Amino acid sequence: MPRILLVDDSKATRAIVAKMLSGYECEILEAANGALGVEAAREHHPDLIVLDMTMPVMNGVEALQALQADAALKIIPVIMLTANSNPEEMEQMKTLGAIDYITKSQKPRLILDRVIALIDLQAKPTPAVAQVQA
């Protein structure tokens, strides 16, 4: 089962992304800042990381650099998530090793589409509903 690490200081953003992924067979891990995210990546080796840019303790750029500096972690695809849509910043994140860059102003469904494109997510089976005869 794929493991996805959501790293964002916004509990609401983590909840939105987790809810979008809840219909799929995957394990979701969460971290509230970059330092905790890097620690969680080292401990759990997720299949994908969704990483916010602006966070306390360690921001997304610093976390991405720490992930890329670790041979065991640099192979994990990272999607950067930010409120800023600056094209130079987008290019910088890809240069630093991010596989993708999504602005929070884009439709939330785009995050799910990108995750599905990067890792093999399978929809959870829909439970059968039994008909009861009266």
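Bear in mind the structure is a predicted one, so any value in this text is a computation, not a measurement.

Rules behind the numbers
Residues numbered from 1 in each chain as written. Predicted model: local features only at pLDDT ≥ 70, side-chain atom pairs only at ≥ 80, totals over all residues. Heavy atoms only, no water. Helix = DSSP H or I, 4+ residues; strand = E, 2+ residues; numbered from the N terminus. Buried < 20%, exposed > 50% of the residue type's maximum accessible area, 1.4 Å probe, protein only. Contact = heavy atoms within 4.5 Å. Areas by Shrake-Rupley, 256 points an atom, 1.4 Å probe, with all protein chains shown as cover. Lys, Arg positive; Asp, Glu negative; His and termini not counted. Charge placed at Lys NZ, Arg CZ, Asp CG, Glu CD. Pairing = 2+ DSSP bridges. Polar contact = N/O pair within 3.5 Å; in protein donor to acceptor, adjacent residues only side chain to side chain.

Visitor: What exactly am I supposed to notice about the overall build of the protein here?
Guide: Helix and strand counts for the protein come out as 5 helices and 5 strands. Based on the C-alpha atoms only, the size of the protein along its principal axes is roughly 65 × 30 × 25 Å. Residues classed as buried in the protein amount to 44% of the 134 residues present. Taking the contacts inside the protein whose residues are at least 6 apart along the sequence as the reference set, 64% of them involve residues at least 24 apart. Accessible surface, the protein as shown: approximately 7500 Å² in total, 54% of it carbon and sulfur. Between the mean site of the 12 positive side-chain charges and the mean site of the 17 negative ones, the protein shows a separation of 5 Å.

Visitor: Can you help me understand the environment of E62 in this one?
Guide: In this structure, E62 sits in helix α3 (residues 60–69). Separated by 27 residues in the primary sequence, E62 and A35 have C-alpha atoms spaced 8.7 Å apart.

Visitor: It is not clear to me how the side chain of R14 should be interpreted in this structure. Could you clarify?
Guide: The topology assignment puts R14 in helix α1 (residues 11–21). Look at R14 and you get buried, because its relative accessible area is 11%. Sequence-distant contacts of R14, that is, excluding residues within four places in its chain, are made with L6, D8, D9, E30, A31 and A32.

Visitor: Can you walk me through unusual backbone geometry in this structure?
Guide: Peptide bonds are mostly trans, and most non-glycine residues show a negative phi. Phi at H45 is positive, roughly 45 degrees, even though this residue is not glycine. Mapped onto the secondary structure, H45 falls in the loop between α2 (34–44) and β3 (48–52). The exposure class of H45 is partly exposed, given its relative accessible area of 42%. Unlike most non-glycine residues, V57 shows phi in positive territory, near 70 degrees. Residue position: V57 is located in the loop between β3 and α3. On the basis of relative accessible area, V57 is assigned to the exposed category, the value being 69%.

Visitor: Explain the pairing of strand β4 (residues 78–82) here, please?
Guide: The two faces of a sheet get side chains in turn, since along a regular strand they alternate between them. Burial runs high along β4: 5 of the 5 residues are buried. Covered by surrounding structure in β4 are V78, M80 and T82 together with I79 and L81, the residues of both alternating faces. Where β3 lies against β4, 4 bridges are found, and the strand directions are parallel. Among the inter-strand pairings, D52 is bridged to a residue of β4, identified as L81.

Visitor: Quick question: what am I supposed to make of the side chain of N33 here?
Guide: Locating N33 in the fold gives a position in the loop between β2 (27–31) and α2. Accessibility expressed as a relative area gives 10% for N33, which makes it buried. A distance of 2.8 Å separates the side chain of N33 from the backbone nitrogen of L36, its partner in a polar contact. Setting aside anything within four residues of it in sequence, one finds N33 in contact with V7, M55, P56, V57 and M58.

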